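# Working through the structure, step by step
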Amino acid sequence: MALDNPADLFLYELSGMYDAERKSNQMVGEILGHAEHSPLAQILRAQQQQGQQKIQNIETCFAMLEMEPMDVPCAAIDGMRAEFQAFSNQHPSTEAMEIYTVDAETKLAHFGMAGYRGLIDKALLMGEMQCAQILQTNLVQKQENAGTFERISHELGQRVAMTV
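Not measured: the values here are computed from a predicted model.

## Considering the pattern of salt bridges
- Scanning the model with the defined rule gives seven salt bridges in all.
- Salt-bridge contacts for K142 lead to E21; the nearest nitrogen and oxygen are separated by 3.4 Å. With K142 in helix α5 (residues 129–163) and E21 in helix α1 (residues 6–34), this pair connects stretches of sequence that are 121 residues apart.
- Judged by its relative accessible area of 2%, E21 is buried.
- Residues K23 and D78 are paired through a salt bridge, measuring 2.8 Å at the closest nitrogen-oxygen approach. Of this pair, K23 sits in helix α1 while D78 sits in helix α3 (residues 75–88), and the two are 55 residues apart along the sequence.
- The exposure class of K23 is buried, given its relative accessible area of 13%.
- In the salt-bridge network here, residues are joined through shared partners; they are D19, K23 and D78.

## Topic: the state of the cysteines
- Applying the stated rule across the entire model yields one disulfide.
- Here C61 is linked by a disulfide to C131, with a sulfur-sulfur distance of 2.4 Å. Judged by the sign of its S-S torsion, about 120°, the cystine formed by C61 and C131 is right-handed. Linking C61 in helix α2 (residues 41–65) with C131 in helix α5, this pair joins segments that are 70 residues apart in sequence. Of the two residues examined, C61 and C131, each falls in the buried class.

About the cut-offs
Residues numbered from 1 in each chain as written. Predicted model: local features only at pLDDT ≥ 70, side-chain atom pairs only at ≥ 80, totals over all residues. Heavy atoms only, no water. Salt bridge = Lys/Arg side-chain N within 4 Å of Asp/Glu carboxyl O. Helix = DSSP H or I, 4+ residues; strand = E, 2+ residues; numbered from the N terminus. Buried < 20%, exposed > 50% of the residue type's maximum accessible area, 1.4 Å probe, protein only. Disulfide = S-S within 2.5 Å.

Quick look at the structure:
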């Protein structure tokens, strides 16, 4: 498919975000496998449920546009996933894994925030108000997730600093 106009670009970027959300949700599952007995497990399970909702929201946008997602792999999420796998292969301590997990989740949230801001702007410029509202829902969830993980990161950092 040629990318000849702003609508094509929107479809391309929405397809990339669709791939990103699917891969992010898989990554949360992998992280959860390493943190099943961690206090973070409940938060990660909630992340998975929210991730599924974000995927469904993007699918709703495609349906409203009467379009199918393109095959646009999200290399950024592939890279984050590879980093996580390489880290976990080092057999880190539980504490190190928790800190790394929180940092990884924060990165995922900020990546998503940037992507959704651009998609919302393009949807509004195209007059796709309903799709923009749906994407705004996903953006708000990403912002809330970032805040949650930034707070947890600070708390973990304080805890670690007290033991040093």
